Amino acid sequence: MKREDYINWDEYFMGIALLTAMRSKDPNSQVGACIVSPENKILSLGYNGMPMGCSDDEMPWEREGAPLQTKYMYVCHAELNAILNSAHNNLKGARVYVTLFPCNECTKAIIQSGIAEVVYYGDKYHDSDSSIAARFMFEHAGVRLTPYKPTGRRAELEL
Ligand SMILES: Nc1ccn([C@H]2C[C@H](O)[C@@H](COP(=O)(O)O)O2)c(=O)n1
Ligand SMILES: [Zn+2]
């Protein structure tokens, strides 16, 4: 008889997005994204980080100060990295699992790539202009927004 307490697709893909976020060097917010086909195949992964060739050790990670001395000028967001990493895959009708609700800039890329659903975990910037603009665009573009429902299950494996 098969085991019955296996994780469902949402737990699986959000779990992978969370694991991917752990690669981020951002000291404040580590974000992960996992893009999945309608057939539940993983198409791409991404996390927030500095662009290629821009050393994590030399770029600024500050949140405040002169704009050029903050991370915001430079960091590439998890969702955009996942879309760019998927260069050879068709994302039409795909879902993206994100550990943090997308910003307005990533929202444009998500919509333009043909992704049909965003499953999001954190939403700590819900009231920011960026999130308000993102929801506005998603609604107009017909992209489904699904809050992830954590099951409370933790990743443990007995080998
Ligand atoms: N959906 C998002 C939102 C933010 N990020 C990145 C951009 C920064 O590295 C960090 C946010 O930093 P904070 O202002 O919270 O210190 O997260 C992303 O990749 N995807
Ligand atoms: Zn973004």
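Reading guide: rules and limits
Residues numbered from 1 in each chain as written. Chains lettered and ligands numbered in written order. Predicted model: local features only at pLDDT ≥ 70, side-chain atom pairs only at ≥ 80, totals over all residues. Heavy atoms only, no water. Pairing = 2+ DSSP bridges. Helix = DSSP H or I, 4+ residues; strand = E, 2+ residues; numbered from the N terminus. Right-handed = clockwise from strand over helix to strand, strands pointing away. Near = heavy atom within 4 Å. Polar contact = N/O pair within 3.5 Å; in protein donor to acceptor, adjacent residues only side chain to side chain. Areas by Shrake-Rupley, 256 points an atom, 1.4 Å probe, with all protein chains shown as cover. Nonpolar A, V, L, I, M, F, W, Y, C, P; charged D, E, K, R; others polar. Axes fitted to C-alpha atoms, helices over the stretch in contact; angles between N-to-C directions. Parallel < 35°, antiparallel > 145°, perpendicular 65-115°, else oblique. Left-handed = near helix turned anticlockwise from the far one by under 90°. Contact = heavy atoms within 4.5 Å. Core = buried A, V, L, I, M, F, W, Y, C linked by side-chain atoms within 4.5 Å. Buried < 20%, exposed > 50% of the residue type's maximum accessible area, 1.4 Å probe, protein only. UniProt positions renumbered as here; feature names shortened; annotations may be inferred.

Side note on the pairing of strand β5 (residues 144-147)
- Pairing of strand β4 (residues 117-122) with β5 involves four bridges; the strand directions are parallel. Bridge pairing in β5 places E117 opposite R144.
- One crossover worth recording links β4 to the parallel β5 by way of helix α4 (residues 129-141), and it is right-handed.

Observations regarding the site of ligand 1
- Of all residues adjacent to ligand 1, which total 18 residues, the nearest are S29, K71, Y72, E79 and Y125.
- A distance of 2.9 Å separates an oxygen atom of ligand 1 from a polar backbone atom of A78.
- Between ligand 1 and L100 there is a distance of 3.5 Å, counted from a nitrogen atom to a backbone nitrogen or oxygen.
- Expressed as a share of its isolated accessible area of 460 Å², the protein-covered part of ligand 1 is 95%.
- For the shell around ligand 1, the residue count by class is nine nonpolar, four polar and five charged.

Considerations on the packing of helix α3 (residues 104-113) against α4
- Where α3 meets α4, the closest approach of the two axes is 8 Å, and the angle between their N-to-C directions is 15°. The angle between α3 and α4 places the two elements in the roughly parallel class. Pair α3 / α4 crosses with right-handed handedness. Every residue of α4 that contacts α3 at N104, T107, K108, I110 and I111 is listed here: S130, A133, A134, M137, F138 and A141.

Describing the nonpolar core
- Among the nonpolar cores identified, the biggest contains 21 residues, and I35, I83, V96, I110, I115, V118 and F138 are the most heavily contacted of them.
- Broken down by secondary-structure element, the contributors of at least two residues to this core are β1 (32-36), α2 (78-85), β3 (95-100), α3, β4 and α4.
- When residues no more than four places from it in sequence are discounted, the contact partners of I35 are K41, I42, L43, S44, A82, I83, L91, A94, R95, V96 and I115.
- F13, M14, V36 and Y148 belong to the second largest nonpolar core, which has nine residues in total.

Some thoughts on the UniProt feature "active site" (unreviewed entry) in the chain
- Within this structure's numbering, the places UniProt gives as "active site" (unreviewed entry) are E79.
- Along the chain, E79 falls in helix α2.
- On the basis of relative accessible area, E79 is assigned to the buried category, the value being 5%.
- With sequence-adjacent residues up to four places away left out, E79 is seen in contact with A33, V98, L100, F101, P102, C103, C106 and I110.

A closer look at the packing of α2 against α3
- Two elements in contact, α2 and α3, have axes separated by 9 Å at closest approach and are oriented at 30°. If you check the angle between α2 and α3, you find them roughly parallel. Helix-helix and strand crossings are classified by hand; for α2 and α3 the assignment is left-handed. Only C106, A109, I110 and S113 of α3 make contact with α2, whose side of the interface consists of E79, L80 and I83.

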